[in-house]
Structures are given as C-alpha cells and as structure tokens.
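Structure assessment
Each chain is listed here by its residues.
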Amino acid sequence: MFEASLNGATVARPVFFEFRDDPNTHELSHQIMWGSALLFVPVVYEGAESVKGYLPPSATWYSIRDIDYGYRIVKTGWSTFAAPTTGAQSVKGYLPPSATWYSIRDVDYGYRIVKTGWSTFAAPTTVHIPVFIRAYDENGNALPAHGQLFWDDGETLSGLKVPPLEIIDILGYEFRPDSGSMKINDASISEVLFNYEPKTKRLLIRKHELLNLATARGHSDALRWTHSGERGDDAVPIGERVDCNPSPGASQQMCLQHNCIWDGITDHDSNPTVPLCYVPPNSGYIITKKMNYGSYPKLALSSAPYGATNPYGANISPITF
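Remember, it's a predicted structure, so these values are computed and weren't measured experimentally.

Comments concerning the sheet that holds strand β12 (residues 165–171)
Where strands meet in a sheet, backbone hydrogen bonds hold them as pairs that are either parallel or antiparallel. On the basis of which strands lie adjacent, the open sheet formed by three strands has the order β12-β17-β16 and antiparallel pairing. Lying at the two open borders of the sheet, with one neighbouring strand each, are β12 and β16 (193–197). Geometrically, the sheet is characterised by an average inter-axis angle of 15 degrees between neighbouring strands, direction not taken into account. Here five bridges tie β16 to strand β17 (residues 202–211), and the two strands are oriented antiparallel to one another. Considered in β17, the bridge of Glu197 is made with Arg202.

Quick look at the environment of Ser188
Along the chain, Ser188 falls in strand β15 (residues 187–188). Taking the C-alpha atoms as reference, Ser188 lies 9.5 Å from Trp225; in sequence the two are 37 residues apart. Once you skip the residues sitting within four places of it in the chain, Ser188 turns out to touch Met182 and Lys183.

What about the confidence of the model for the chain?
Looking at the chain as a whole, its pLDDT mean stands at 75, while 73% of the residues score no less than 70. Per-residue pLDDT stays below 50 along residues 124–129; that stretch engages in 26 contacts with residues further than four places along the chain or on separate chains.

Observations concerning the environment of Pro246
As for its placement among the helices and strands, Pro246 is situated in the loop between β19 (227–231) and α2 (252–257). Taking the C-alpha atoms as reference points, Pro246 and Pro275, 29 residues apart in sequence, are found 8.1 Å from one another.

Side note on the pattern of salt bridges
Throughout the structure, instances matching the rule amount to four salt bridges. Asp186 is the partner of Arg224 in a salt bridge, and the nearest nitrogen-oxygen pair spans 3.6 Å. In this pair, Arg224 sits in strand β18 (residues 223–224) while Asp186 sits in the loop between β14 (183–184) and β15, placing the two residues 38 residues apart along the sequence. With a relative accessible area of 46%, Arg224 lands in the partly exposed category.

Quick word on the nonpolar core
Formed by 13 residues in total, the largest nonpolar core has its most connected members in Val15, Phe19, Met33, Leu39, Leu55 and Trp61. Membership of the second largest hydrophobic core comes to eleven residues, among which are Tyr173, Tyr196, Ile205 and Leu211.

Some points on the side chain of Ser79
Tracing the backbone through its elements, the reader meets Ser79 in strand β6 (residues 77–82). Take Ser79: its relative accessible area is 11%, and that puts it in the buried class. In contact with Ser79, not counting residues within four places along its chain, are Val51, Lys52 and Gly53.

Criteria and cut-off values
Residues numbered from 1 in each chain as written. Predicted model: local features only at pLDDT ≥ 70, side-chain atom pairs only at ≥ 80, totals over all residues. Heavy atoms only, no water. Pairing = 2+ DSSP bridges. Helix = DSSP H or I, 4+ residues; strand = E, 2+ residues; numbered from the N terminus. Axes fitted to C-alpha atoms, helices over the stretch in contact; angles between N-to-C directions. Contact = heavy atoms within 4.5 Å. pLDDT = per-residue confidence, 0-100. Salt bridge = Lys/Arg side-chain N within 4 Å of Asp/Glu carboxyl O. Buried < 20%, exposed > 50% of the residue type's maximum accessible area, 1.4 Å probe, protein only. Core = buried A, V, L, I, M, F, W, Y, C linked by side-chain atoms within 4.5 Å.

What follows is the structure, given as structure tokens:
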C-alpha cells in the first residue's frame, strides 16, 4: 500500500502482470496477485468446497493456507484445490456508539446494527481460500525477501511506537540450522528459538525483541546463522514417531516452543495413534568426546543442539560414562 500510494503501482493485479509470457495467464479473470509474490484463487460460488486454479509452472510455489502451510506445491499448471469450510464460528468486536453502523456481510447485508459497543458477531462459515506464495522467478532465480515498512495506526500524530521484529518465517529452507549460531551484525545473541520442520522445509525463528524496527531507519542490520550441512529431507516416518507432547490438549504453539514438529496434514481421525506433535530427528544426545580410562573406553554425551527441548526441565549435559 505504501509503494502504491507513492508510485501509483497496483496492489492487487492480474496474474499476467507478473507472467506476461505465459498465455494461460492472459484470460485468468478470477485469480489475482497481491503484489509480485502472493497469488489468490478465490472461492466465488456458494457452497463450493474446491476451486480450480492455475499456478504458472515457471515459478516455484508454497502454500500459506492454514491446512497445509509451508508445503511446496509440486504440481503446477491447472489443478483443483480443496477449499474446505470450518463450520460455524463467531468473533467479538467493538462498534463505537457515537456512529451509526450498517452491515455489509452477505448474511445481513444493508441492515442497521442496533446494538453498538462490544458484541459477538456470527461468522457462519470460514472458507480456506487457496493462497500461494511465489519463491522463484521465471528464470528459476530465487526471489530475495525484501519490502518496505510503513507503520500508521491512523490516529497518532507523533511518537508512534513501532513494535519490534520477533518472528522470521522462511519456507523452502534446505538445511537444519545450528542452534545458538544466530548473530546480528556479527554480535552473537542468545535465547533464539529455531524450529525446523524437515517435512515442509520450514524454518521458524523466534526471539523476544529480535530487531528494534524503530531505530532501523537509515541503516541495515545483518542476521546470520550457520547450519549443519544436513539436508532437511529426514521427516520421521509415521510409524517411528515419538510423541513430543503426550499430555492431552496438544497445540501447535506448545509444539513449536519445544522445538518439535507439528503434523497438520495427517488425518488424525483415521489415525488416532499418530502423534500430532513429534520429536524431530537427531534429538536427545550426541557423542561429543571419546576417551580411554585405563583399559576402559569412556564417552561424553551432550544434548543435541538442534533437537527437541525437554518438557520436564533442562537436560543433564554433559553425561560421561
């Protein structure tokens, strides 16, 4: 929006704006690009649970829907995408009483909202609209992550507080990162949580107040980390998974906090014994030193730096025997 207001560029644009050499995009009237990387395939028919869409084969695409977030879309071109509904829901909201409000929802379009202030509004159906993010250009070159921050709360005239950057979400990351290797401008930082999902090759980096965006204007900050050189193709087979959260009420947030892998794809109604949250490969302990104590061998074990965290407290590390 900021760039559009400055230069007159479009925010929502036809697909052929980005893929002009692909004749299949020239007559796509129901799909839109949001900027140069996000592609939406809207559900336009009532009651539909799938939608047909086109992903230009010259680019690499990842899903950013909740139901299959982070997965690379292998089949490009024309495909039929699921758009399931999630049933009745509601949302709490506030309508300032000093104004008069009318609904523009399909279910009660045009009706005046009599009750103002805090209310609970029905959201009869939530539809998972297929949304895809483009990772490579027409020539197969990786698209760098870049952008501009324009922060405006619509009210503050001066002294606007810009929140810090605390989450970095990377899709298609091929290697397992080394825990504790994060640096900002070559200065090591601690308490950074790396969560790597080898099945989707998604890397999620979290840290409280990772970057102060309020002071970032006019200079750049370089974030660097190392990886083990081990490719992330080692998702644990279903029959070999160890439950990372055996207690009832497993949640994705809790799973990520323990540096475990969350499985949002498997049909758990049909496979109730498959853990929703499971321990990633190479968790536990690794051999860090081999010694000889007289005529007896001796080993030193340390906690794997990229494995799951212990939900019951800190690991005993190192262990020597």
